[in-house]
Protein chains: 2
Amino acid sequence: MKNEIAEILKRNQLSVTDSRQKILELFRHSNSALAHADIEKQTSEQFDRVTIYRTLQTFVEKGIVHTIPTTDNSVLYALCKDNCSEGHHHDDHVHFICDDCGTTYCLEHITIPKVEVPQGFITKQTDVVVSGQCDKCS
Amino acid sequence: MKNEIAEILKRNQLSVTDSRQKILELFRHSNSALAHADIEKQTSEQFDRVTIYRTLQTFVEKGIVHTIPTTDNSVLYALCKDNCSEGHHHDDHVHFICDDCGTTYCLEHITIPKVEVPQGFITKQTDVVVSGQCDKCS
DNA sequence: TAAATGATTGCAACTTTGTTGCAAAATAAA
DNA sequence: TTTATTTTGCAACAAAGTTGCAATCATTTA
Ligand SMILES: [Mn+2]
Ligand SMILES: [Mn+2]
Ligand SMILES: [Zn+2]
Ligand SMILES: [Zn+2]
């Protein structure tokens, strides 16, 4: 719903603009994570590249999306669950990157295991990224 | 030892050149992971930027170093343990990135846990990156 | 509803990062 | 030492990301 998307923006004290609505919709309609380049491809005639950078940055700061680490100089973004907010992310799930089709999934139901760290180290966040073949490619 | 470094290169069927020796030495003497930029800073007057890109790429292909995923559009490289070779990596350890000083550690003694994936998904590799404060910064 | 305020956008110009082809130089093999 | 092969540096380029600023848009206020 258009309205629902505006709601998310308002809830985060963001003014409701075309670009923000459209980009948020893209995430809603995608079942996988998106890179800046993906968003640019799907909106390039509507919005400036710089606007996309700034929108993604804002969404991350507000906790609307979260980032997924990769080993290829790219950053992937995916929608956070409702209870995420600035500084308090609760996306404690595993991510899966398919080597074949490149799709990146949030495995919402698979939680991050506790990981030991050495004496003196303090854990703030743990990211788990599994790669291999997704169900469509195996 | 200079000789030891040349040995590693030869064992991997690589010709022994200044840049490869120097870059490999950098990794040996560093107790943390290095980004392309780090290496460039420490060798920029000796080697061309392109040579560093190509050397890192070769080292990854040969299994001399492994990459560490990050959420900031950068890739980190660290030395692999001896038994790694092309296509057969055994760096099943957790990585730790300090939010304060930026240092990235290979926690060689902390092994990656088994992670469940949904029906139809096939796991090839699992990366675990913990972030927070390292022992020097906590 | 209209004006004022404040935030967001697009553009231009720029920096930084990564890639490619090719001749010269260096290494390894003969 | 000579030859064959690989690697390097350079130049030119492409892609990705950043910044300042004026114009536009969204929200607040009257
Ligand atoms: Mn996710
Ligand atoms: Mn490591
Ligand atoms: Zn796939
Ligand atoms: Zn630290």
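Conventions adopted
Residues numbered from 1 in each chain as written. Chains lettered and ligands numbered in written order. Predicted model: local features only at pLDDT ≥ 70, side-chain atom pairs only at ≥ 80, totals over all residues. Heavy atoms only, no water. Donors = N, O, S within 2.8 Å, 3.2 Å for Na, K, Ca; no water. Helix = DSSP H or I, 4+ residues; strand = E, 2+ residues; numbered from the N terminus. Buried < 20%, exposed > 50% of the residue type's maximum accessible area, 1.4 Å probe, protein only. Pairing = 2+ DSSP bridges. Axes fitted to C-alpha atoms, helices over the stretch in contact; angles between N-to-C directions. Tetrahedral: all angles 85-135°; square planar, octahedral: opposite > 155°, others 65-115°. Phe/Tyr/Trp six-rings, centres within 6.5 Å; stacked < 30°, edge-to-face > 60°.

Re the coordination of the manganese ion (ligand 1)
Note on metal geometry: ideal angles are 109.5 degrees for four donors arranged tetrahedrally and 90 or 180 degrees for six donors arranged octahedrally. Residue and element names in this part refer to chain A. Protein coordination at the manganese ion (ligand 1) comes from His66 (NE2), His93 (NE2), His95 (NE2) and Cys106 (SG), with a distance range of 2.1 to 2.2 Å. For the manganese ion (ligand 1), all donor residues lie on one chain, and their spacing in sequence is H-x26-H-x1-H-x10-C. Here cysteine 106 lies in strand E5 (residues 104-111) and histidine 66 lies in strand E2 (residues 65-68), a separation of 40 residues in the sequence. According to the relative accessible area criterion, histidine 66 is buried, its value standing at 3%.

A look at the sheet that holds E5(A)
Overall, mixed pairing links the six strands, which are arranged E5(A)-E4(A)-E6(A)-E6(B)-E4(B)-E5(B) in an open sheet. Here the strands that pair on one side only, and so sit at the sheet edges, are E5 of chain A together with strand E5 (104-111) of chain B. Each strand axis lies, on average, 30° off the axis of its neighbour in the sheet, ignoring direction. Sheet analysis places strand E4 (residues 93-98) of chain B next to E5(B), joined by five bridges and oriented antiparallel. From the neighbouring strand, B:His95 faces E5(B), where its bridge partner is B:Cys106.

Observations regarding the coordination of the zinc ion (ligand 3)
Residues and elements named next belong to chain A. The protein atoms that coordinate the zinc ion (ligand 3) are Cys98 (SG), Cys101 (SG), Cys134 (SG) and Cys137 (SG), at distances of 2.2 to 2.4 Å. For the zinc ion (ligand 3), the four donor atoms in the first shell make angles of 106 to 117° at the metal, so the coordination geometry reads as tetrahedral. Taking the relative accessible area as the measure of exposure, cysteine 134 reaches 0% and is therefore buried. When its relative accessible area of 25% is taken as the criterion, cysteine 137 is described as partly exposed.

Some remarks on the packing of aromatic side chains
Aromatic ring pairs are described here by two measures, namely the spacing of the ring centres and the angle between the planes. By the definition in use, this model includes four aromatic pairs over all chains. Ring centres of A:Tyr105 and B:Phe121 lie 5.3 Å apart, and the angle between their planes is 80°; this geometry places the pair in the edge-to-face category. Linking A:Tyr105 in strand E5 with B:Phe121 in the loop between E5 and strand E6 (122-133), this pair reaches from one chain into another. Both residues of the pair, A:Tyr105 and B:Phe121, belong to the buried class. Each member of the aromatic cluster is reached from another via a ring pair, and the members are A:Phe96, A:Tyr105 and B:Phe121.

Treat this as a map of the structure, not an account of what it does.
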